[in-house]
Amino acid sequence: MIAEIGHFALILALAVALVQASVPLIGAQRGNAAWMGLAGPAAVAQFLCVGIAFAALMHAYVTSDFSVLNVAQNSHSLKPMLYKVAGLWGNHEGSLLLWITILAVFGLALTAFGGNLPPGLKARALAVQAMIAVGFLLFILFTSNPFLRLDPPPMDGNGLNPMLQDPGLAFHPPFLYLGYVGFSMAFSFAIAALIEGRVDAAWARWVRPWTLAAWLFLTCGIALGSWWAYYTLGWGGWWYWDPVENASFMPWLAGTALLHSAVVVEKRDALKSWTILLAIVAFGFSLLGTFLVRSGVLTSVHAFATDPARGAFILLLLLAVLGGSFTLYAVRAPSLKLGGLFAPLSREGALLFNNVLMATGAGTVLLGTLYPLIADALNLGKVSVGAPFFNSVFLPLMAPMVVAMAIGPLLSWKRGDLAGVLGRLKFALAAAVAGAAAVWVAQGGSAGPWWAAAGMGLALWLLLGTLTELAERVRLFRLPLGQSLQRASHLPRSAWGMTLAHGGLALVIAGMTASSAWKSESVQNQKLGETVTVAGYAFTLTAVNAVKGPNYDAQQAVFQVSKDGRPFAEMRPEKRIFIMPPRPATDAAIRGTLLGDVYAVLGDQAGDGVWVTRLYFNPMVPWMWAGAALMVLGGLVSLSDRRHRIGAPARARAAAAAAAAKA
Amino acid sequence: MRRLLYLLPVLVLGVLALFFMKGLEMDPHEIPSVLLNTPAPAINLAALPGHDHGLTTDDLKGRVSVVDIFGSWCVSCAQEHPTLLAIKETGIVPIYGIDWRDDPVKGAEWLKKNGDPYERVGLDPAPGHASVDFGVTGAPESFIVDKGGIIRWKHIGPITPEVWETELLPKIRELQK
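This one's a predicted model, so the numbers in the text were calculated from it and none came from an experiment. (Residues numbered from 1 in each chain as written. Chains lettered and ligands numbered in written order. Predicted model: local features only at pLDDT ≥ 70, side-chain atom pairs only at ≥ 80, totals over all residues. Heavy atoms only, no water.)

Considerations on the overall build of chain B
Working step 1: The number of helices and strands found in chain B is five helices and seven strands.
Working step 2: N-terminal to C-terminal, the α/β element order of chain B is α-β-β-β-α-β-α-β-α-β-β-α.
Working step 3: Over its C-alpha atoms chain B spans a radius of gyration of 21 Å, topping by over 25% the 16 Å that the globule rule assigns to 177 residues.
Working step 4: Expressed as a percentage of its 177 residues, the buried residues of chain B come to 47%.
Working step 5: Considering only contacts within chain B whose residues lie at least 6 apart along the sequence, 72% involve residues at least 24 apart.
Working step 6: For chain B, the exposed surface amounts to about 9,000 Å²; the carbon and sulfur share of it is 58%. (Helix = DSSP H or I, 4+ residues; strand = E, 2+ residues; numbered from the N terminus. Rg over C-alpha atoms; globule rule 2.2 N^0.38 Å. Buried < 20%, exposed > 50% of the residue type's maximum accessible area, 1.4 Å probe, protein only. Contact = heavy atoms within 4.5 Å. Areas by Shrake-Rupley, 256 points an atom, 1.4 Å probe, with all protein chains shown as cover.)

Shown next, in the form of structure tokens:
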């Protein structure tokens, strides 16, 4: 019964979405306030309907109702509760319902927090949101209904892929979708602005917090996914340039660019049509990711069960959404009023430079991801594009961007003084060069890769450049320390947000460089009692015991690890065999230190008292996670900025302020 | 001219759409086995330290043989190793090894430590072109080559006793007739 209520609620949601997509739009066109006003209540109704459907499916998962096909295929009564809940979005149908639910939550949030929006813009944005909802509701109802029944119900479910039974992955999809779907807000505002034919500073001020929220969720989601891959796949790698990873990385790049170009629109009323384009592209990449993962056009380790009908439907959806918006863009964008002019060497110029590099970066990732498909379609043969392509094309694009990231925030708006800025950065520059040289010497010159020194130098440059900017703002060492601290406490939170996020990226770069350049690994058949030394850590295999988990049996190795003759830790990696479905999974044992992770994996038994073991030292990997956390924290701090909380001022006041700023 | 620039996004989307539509009809998982039923590629591989012979194309002619791609770095290769040793015991078919993308010293040590099931071993150091000529996609991978030196079968992944009994042995028996 409850499943049927869920199904019915979804149909009702479709009806509501159809109304929400049409009536307010017509109302806005005709200036009919009552019709426009319908958007808000419709968004609330939409949320209630979708919420009921989501709750119904969640109920089926939590109570292990195996008469629901989706639950029977993806859950099992023995699973811990966390994974029963997470099982909902561990499959195609359920994750699609999560997608739609998040879309409805964002619609509700826009209604709740959008009180100060002009009614026309609000009505149009909500209507565009509803159009997206219509597409996805049709998709789920016609091709991917999660509420199908199974008669007779099986005794127990098939279980969730054991690789997915992990806390990191339980929360990875919700964050990722909050990011993907979050970009629909910027998209809806962009389309609404194109329909209105007006983009101004106030518009940017409304779009920014939503973009920021989407960006920080997506950052969090990508980091969680990467962290999960790092500790469960058992190879010590954290990024594989897999199509699905790229699918989440492309919207991140476009979203990051959008975040920065929206600043230029807000502060300087420039780069408008570019910002609109980025808003469309960021959401377009989110849709593209959904298509790539669910259609089976590319091979990937995490593709969902694929079905050509679904692929065709979502392709149609993608083309309708993007084709429609790009056409609207081609018609309307040329007539957008050009905003403030600026010299190439200015804060706007630096932001644009980064934007172009970021967009080019996203383009190369797109090309690399789709190339196997393109080559196959043109009969150029089956190819796979892997890390070598991305490393040699994408990374060189990012290096100048990082260089500019330290300079940009110090440049003034409109016309900057590069010589003056470089003067203030001379300490950072000297330290970065010295740091790179020190790294070069420490790794034994060309015994290590040349890019290791470059990467560490860049990380140092970015970190010190960011700190220099902060010091400049609070006039550190020029005023007494107390006054500087007072200035620091009065800085706008968005300034702190930038410092934290840029500093976080510096840590991420350092971690990525070090872990790629100086990883130590050793794979061997190890006898009980035998000691293997990796990067100064001596791993003695003392025992391999059979242990039992809630829904798996495992072999657990016990390593006594010592460093320089002193005991360091006892590590217990496991090789698990899940009961349902019967599949193996590795559980690496990881001990983090400031300098890196000590990482041990137990493989198969190779003989009597002999096991295959893989032992690693992954330098500075914890820096990457710390850096990602700082970036998310920076996003949160910036989101809590007073400007966003008190809401955007009326358009007229914003225009007056902009005029005053220009004068 | 400026208007054309604004049309660019929709044009790019159009081109991508064509590829996506084609993509839906194709299966990316299907890996072509174009090299089946073609002569084994010409190879002349060096011997590992402490071994007398390398591996050449001529070694693969005259009788049915198995060519096994392995490496000391490859974890699944250690997994299939006991099965290979057992096959050698039976004397049914000679197994030739290609030590792929490996350090010669490590490769030789690995064989010393785990036992050597191979009739002859050739070293194919990184980037491993000889193995790629065989059509290798990863290690371990094994090929059955007939008396005339033609590749007749390819197995991807470790050889387990089941794979040997059900997949490889019947094929070898048939070719040995």
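Quick notes on the interface of chain A and chain B
Working step 1: With 40 residues of chain A at the contact, the number on the chain B side is 26 residues.
Working step 2: Carbon and sulfur atoms make up 74% of the area that chain A and chain B hide from each other, which totals about 2,800 Å².
Working step 3: Counting every contact that joins chain A to chain B gives zero salt bridges.
Working step 4: Applying the counting criterion to the chain A and chain B interface returns two residue pairs in polar contact (both at pLDDT 80 or more).
Working step 5: Breaking the side of chain A that touches chain B down by element, the ones donating at least two residues are helix 11 (272-295), helix 12 (308-332), helix 13 (347-377), strand 1 (520-527) and strand 10 (610-619) of chain A. (Buried area = accessible area lost by both parts, 1.4 Å probe. Salt bridge = Lys/Arg side-chain N within 4 Å of Asp/Glu carboxyl O. Polar contact = N/O pair within 3.5 Å; in protein donor to acceptor, adjacent residues only side chain to side chain.)

A short note on the sheet that holds strand 10 of chain A
Residue and element names in this part refer to chain A.
Working step 1: Taken in spatial order, the four strands make up an open sheet running 1-10-9-8, and their pairing is antiparallel. The open sheet is flanked by strand 1 and strand 8 (589-592), the only strands paired with a single partner. Mean inter-strand twist for the sheet, computed between neighbouring axes without regard to direction, equals 15°.
Working step 2: Where strand 1 lies against strand 10, eight bridges are found, and the strand directions are antiparallel. Bridging from a neighbouring strand, N525 pairs with V612 of strand 10.
Working step 3: Packing against the sheet, helix 20 (residues 621-639) makes contact with strand 9 (596-607) and strand 10, and its axis sits at approximately 125° to strand 9. (Pairing = 2+ DSSP bridges. Axes fitted to C-alpha atoms, helices over the stretch in contact; angles between N-to-C directions.)

Let's talk about the pairing of strand 3 (residues 537-548) of chain A
The side chains of a regular strand alternate between the sheet's two faces.
All names here are of chain A.
Working step 1: Pairing of strand 2 (residues 531-534) with strand 3, which is carried by four bridges, proceeds in the antiparallel orientation. Considered in strand 3, the bridge of V534 is made with Y537.
Working step 2: Between strand 2 and strand 3, which follow one another and run antiparallel, lie two residues, and A535 among them has a positive phi close to 50°.
Working step 3: In the sheet, strand 3 pairs with strand 4 (residues 552-563) via eleven bridges, with the strands oriented antiparallel. Pairing of Y537 across the sheet is with K563, part of strand 4.

Re the sheet that holds strand 6 (residues 141-145) of chain B
Residue and element names in this part refer to chain B.
Working step 1: Across the sheet, which stays open at both edges, the five strands sit in the order 5-4-3-6-7 with mixed pairing between neighbours. A strand with exactly one partner marks an edge of an open sheet, and here the two such strands are strand 5 (120-124) and strand 7 (151-156). Recorded for the sheet is a direction-independent mean angle of 20° between the axes of neighbouring strands.
Working step 2: By the bridge criterion, five bridges tie strand 3 (residues 65-70) to strand 6 in an arrangement that is antiparallel. Looking at the pairing, D68 lines up with S142 of strand 6.
Working step 3: Of the strands in this sheet, strand 3, strand 6 and strand 7 are in contact with helix 5 (residues 161-176), which crosses strand 7 at around 175°.

Considerations on the domain arrangement of chain A
Working step 1: Split into domains, chain A comes out as domain 1 (1-160), domain 2 (190-338 + 345-394), domain 3 (395-518) and domain 4 (520-621).
Working step 2: Computed over C-alpha atoms only, the centres of domain 1 of chain A and domain 3 of chain A are separated by 44 Å. (Domains from an automatic or database assignment.)

Remarks on the confidence of the model for chain B
Working step 1: Chain-level pLDDT for chain B is 84 on average; 94% of the residues reach the 70-or-more range.
Working step 2: If you check the scores for this complex, the pTM reads 0.80 and the ipTM reads 0.80. (pLDDT = per-residue confidence, 0-100.)

With respect to the side chain of S273 of chain A
Working step 1: For S273 of chain A, the position within the fold is in helix 11.
Working step 2: Look at S273 of chain A and you get buried, because its relative accessible area is 17%.
Working step 3: At 3.4 Å, the side chain of S273 of chain A forms a polar contact with the side chain of Y6 of chain B.

Structural notes on the pattern of salt bridges
Residues and elements named next belong to chain A.
Working step 1: By the definition in use, this model includes 19 salt bridges over all chains.
Working step 2: Linking R205 and E266 is a salt bridge whose minimum nitrogen-to-oxygen distance equals 2.7 Å. Residue R205 is located in helix 9 (residues 201-232), and its partner E266 is located in helix 10 (residues 243-268); the two are separated by 61 residues in the primary sequence.
Working step 3: Here the salt bridges do not stand alone but share partners, grouping E4, D65 and R149 into one network.

Examining the environment of L88 of chain A
Residue and element names in this part refer to chain A.
Working step 1: Tracing the chain through its elements places L88 in the loop between helix 5 (81-87) and helix 6 (92-113).
Working step 2: Assessed through its relative accessible area of 0%, L88 is described here as buried.
Working step 3: Residues L88 and A60, spaced 28 residues apart in sequence, show a C-alpha to C-alpha distance of 9.3 Å.
Working step 4: Discounting residues that sit within four places of it in the chain, L88 has contacts with F54, L57, M58, Y61, G94 and S95.

Things to note about unusual backbone geometry
Working step 1: Here the phi dihedral of S64 of chain A falls at roughly 50°; this positive angle occurs in a residue that is not glycine.
Working step 2: In this model, R101 of chain B sits at a positive phi of 50°, which is unusual for a non-glycine residue.
Working step 3: Along the chain, R101 of chain B falls in the loop between strand 4 (95-100) and helix 3 (104-114).
Working step 4: In this structure R101 of chain B comes out as partly exposed when scored by relative accessible area, which is 44%.

Focus: the packing of aromatic side chains
Ring pairs (aromatic) are described by centroid distance and by the angle formed between their planes.
All names here are of chain A.
Working step 1: Under the defined criterion, the tally for this structure stands at 28 aromatic pairs over all chains.
Working step 2: Ring geometry for F187 against F283: centres 4.9 Å apart, planes inclined by 40°, an arrangement best described as tilted. Of the two residues, F187 sits in helix 8 (residues 167-196) while F283 sits in helix 11, which places them 96 residues apart along the sequence. One exposure class covers both F187 and F283, and it is buried.
Working step 3: An aromatic cluster of at least three residues, connected via ring pairs, comprises W215, W239, W241, F249, W252, F389, F390 and F394.
Working step 4: K563 extends its terminal NZ or CZ atom over the ring of Y537, reaching a point 4.7 Å from the ring centre. (Phe/Tyr/Trp six-rings, centres within 6.5 Å; stacked < 30°, edge-to-face > 60°. Lys NZ or Arg CZ within 6 Å of the ring centre and 35° of its normal.)

A few points about helix 1 (residues 2-25) of chain B
Residues and elements named next belong to chain B.
Working step 1: Look at helix 1: 37 Å from first C-alpha to last across 24 residues, which is about the 34 Å you get at 1.5 Å a residue.
Working step 2: Within helix 1, the axis deviates most sharply at L8, by approximately 40°, and proline P9 lies no more than four positions further along.
Working step 3: Restricting attention to buried positions, one finds in helix 1 the residues Y6, P9, V10, L13, L16, A17, F19, F20 and G23. (Expected span 1.5 Å × (residues − 1). Bend = angle between axes of the 7 residues up to and from the residue.)

Quick word on the nonpolar core
Working step 1: Grouped together as the largest cluster of nonpolar side chains are 160 residues, with contacts concentrated most on F189, W203 and I276 of chain A together with F20 of chain B.
Working step 2: With 15 residues, the top contributor of residues to this core is helix 8 of chain A.
Working step 3: Once you skip the residues sitting within four places of it in the chain, I276 of chain A turns out to touch A190, A193, L194, V199, W203, Y329 and L336 of chain A.
Working step 4: In this structure, V66, L84, V93 and L175 of chain B belong to the second largest nonpolar core, which totals 27 residues. (Core = buried A, V, L, I, M, F, W, Y, C linked by side-chain atoms within 4.5 Å.)

Observations regarding the pairing of strand 8 of chain A
All names here are of chain A.
Working step 1: Two strands pair when backbone bridges link them, and strand 8 and strand 9 are joined in this way by four bridges, in the antiparallel orientation. Across the sheet, residue A589 finds its bridge partner in strand 9, namely A600.
Working step 2: Counting the residues that bridge the hairpin from strand 8 to strand 9 gives three residues.

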